[in-house]
Amino acid sequence: MRRSTHRASRDGYLPIRVSIEFFPPKTDEMEKILWASIERLAPLQPKFVSVTYGAGGSTRERTHNTVARMVRETTLKPAAHLTCVDATRAEIDAVVQSYWDAGVRHIVALRGDPAEGVGNAYRPHPEGYATTAELVAGIKRIGDFKVSVSAYPEKHPEAASLDADIDALKAKVDAGADQAITQFFFENEVYLRYLEKVRAAGITIPIIPGILTVQNFKQAANFARRTGASVPYWLAARFEGLDNDVETRRLVAAAVAAEQVLDLVDEGVQDFHFYSMNRSDLVYAICHLLGLRAQAPKLVAEKAAA
């Protein structure tokens, strides 16, 4: 990783802001884990928290319920993921309106993976939004939402080239996107080079680096292969031999993530988006290293009672 002598942001001259991604729970046990993580991380006052949305809207109801509960019961600012897959414009517009009615004011707009899974050809619904840019424009027509979109430092797996992928990002921006969150990456040079190319293309919106906290290296490596993110040899070497050593694996994961984010801070990066996998420990530790401390009561009810 690149190292530099720039330390101003780590010394507190520049504010550090974080956002955190969760996924909607599928079982009662996962529900408990999710809300324990939310309560743990909420006092750090993340800029926003996002909740993912399954292929073809398969988690639509769970996503909506999770986001709506966040609005009702916490001081967090939730962002709901929304995709174009297997839905008409009318159906998607109804979901967008339901988020507005629930008090949600931020949507993460994504084309989404084919319902058949990654690797299959994407086919837009004949009466739906064909691209993310169209979806962004549709969201903006319904309400004054903040809209985040995706960005791919190593290009989207289906893009013909990185330049073509940056053109797609520009189309999203022209449609009204306010910021972009990147696919995760492990080499900071990948993000820094991408940022240079994006700015050279005239794109000025914030490009927030997405950071994956590695809970399980083999799972993370498989996920990376499906999404087009490279896994450097040094990362594999750090987790070698730890398949059955959970405690050491967690320590190594924390060290790897801390090194990555602090290196980006040295480069002047102020915003980070953590893919938490619904686990709070690693994210909390990294936020602590970034200088973030608990500042508020966990829940709305506690705040009102204070």
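It should be noted that the structure appears before, not after, this text.
Residues numbered from 1 in each chain as written. Predicted model: local features only at pLDDT ≥ 70, side-chain atom pairs only at ≥ 80, totals over all residues. Heavy atoms only, no water.

So, on to the packing of aromatic side chains. For the structure on display, the rule yields six aromatic pairs. Centre to centre, the rings of Trp100 and Phe145 are 5.1 Å apart; their planes meet at 75°, and the pair counts as edge-to-face. With Trp100 in helix H3 (residues 89–102) and Phe145 in the loop between helix H4 (132–142) and strand S5 (146–151), this pair connects stretches of sequence that are 45 residues apart. Between the aromatic rings of Phe185 and Tyr191, the centroid separation amounts to 5.4 Å while the plane-to-plane angle is 5°, which identifies the pairing as stacked. Grouping residues by exposure puts Phe185 and Tyr191 together as buried. (Phe/Tyr/Trp six-rings, centres within 6.5 Å; stacked < 30°, edge-to-face > 60°. Helix = DSSP H or I, 4+ residues; strand = E, 2+ residues; numbered from the N terminus. Buried < 20%, exposed > 50% of the residue type's maximum accessible area, 1.4 Å probe, protein only.)

Another point: the pairing of strand S9 (residues 271–275). Burial of S9 is extensive: five of the five residues sit out of reach of the surface. Burial along S9 is two-sided: the residues Asp271, His273 and Tyr275 and Phe272 and Phe274 are all buried. Pairing between strand S8 (residues 210–212) and S9: three bridges, direction parallel. Considered in S9, the bridge of Gly210 is made with His273. (Pairing = 2+ DSSP bridges.)

The gaps left among the atoms become clear once a water-sized probe is rolled over them. There is about 240 Å³ of room inside the second largest pocket. The wall of the second largest pocket is formed by 15 residues, among which Tyr191, Leu195, Gly268, Val269 and Gln270 lie closest to the centre. Counting residues per element, the ones that place at least two in the lining of the second largest pocket are helix H6 (188–200) and strand S7 (207–208). Element by element, the count of residues in the lining of the second largest pocket is highest for H6, at five residues. Classifying every residue of the lining of the second largest pocket gives eight nonpolar, two polar and five charged. (1 Å grid on protein atoms, 1.4 Å probe; cavity = no way out; pocket = protein on both sides within 12 Å on 5 of 7 lines; lining within 4 Å. Points joined across faces, edges and corners; volume = space filled by probe spheres on them. Nonpolar A, V, L, I, M, F, W, Y, C, P; charged D, E, K, R; others polar.)

Next up on the list: the nonpolar core. In this structure, Leu82, Ile139, Leu169, Phe272, Phe274 and Leu290 are the most contacted members of the largest nonpolar core, which totals 62 residues. A per-element tally of this core places helix H9 (residues 246–266) first, with five residues. Not counting chain neighbours up to four residues away, the residues in contact with Phe272 comprise Ile16, Arg17, Val18, Ser19, Ile208, Pro209, Ile211, Val261, Leu264, Val265 and Leu290. Within the second largest apolar cluster, 23 residues are counted, among which are Leu110, Phe186, Val214 and Phe239. (Core = buried A, V, L, I, M, F, W, Y, C linked by side-chain atoms within 4.5 Å. Contact = heavy atoms within 4.5 Å.)

Below, the discussion takes up the sheet that holds S7. Taken in spatial order, the nine strands line up as S7-S6-S5-S4-S3-S2-S1-S9-S8 in an open sheet, and their pairing is parallel. A strand with exactly one partner marks an edge of an open sheet, and here the two such strands are S7 and S8. Note: strand S4 (residues 106–110) against S5, three bridges, orientation parallel. From the neighbouring strand, Val108 faces S5, where its bridge partner is Ser148.

Turning next to the packing of H4 against helix H5 (residues 162–175). Relative orientation of the contacting elements H4 and H5 amounts to 10°, with a least axis distance of 8 Å. In this view, H4 runs roughly parallel relative to H5, as classed from their interaxial angle. As for the relative orientation of H4 and H5, their crossing is right-handed in sense. Along the contact surface, H4 presents Thr132, Ala133, Val136, Ala137 and Lys140, while H5 presents Ala171, Lys172 and Ala175. Here the residues of the contact of H4 with H5 are counted per class, giving five nonpolar, one polar and two charged. (Axes fitted to C-alpha atoms, helices over the stretch in contact; angles between N-to-C directions. Parallel < 35°, antiparallel > 145°, perpendicular 65-115°, else oblique. Left-handed = near helix turned anticlockwise from the far one by under 90°.)

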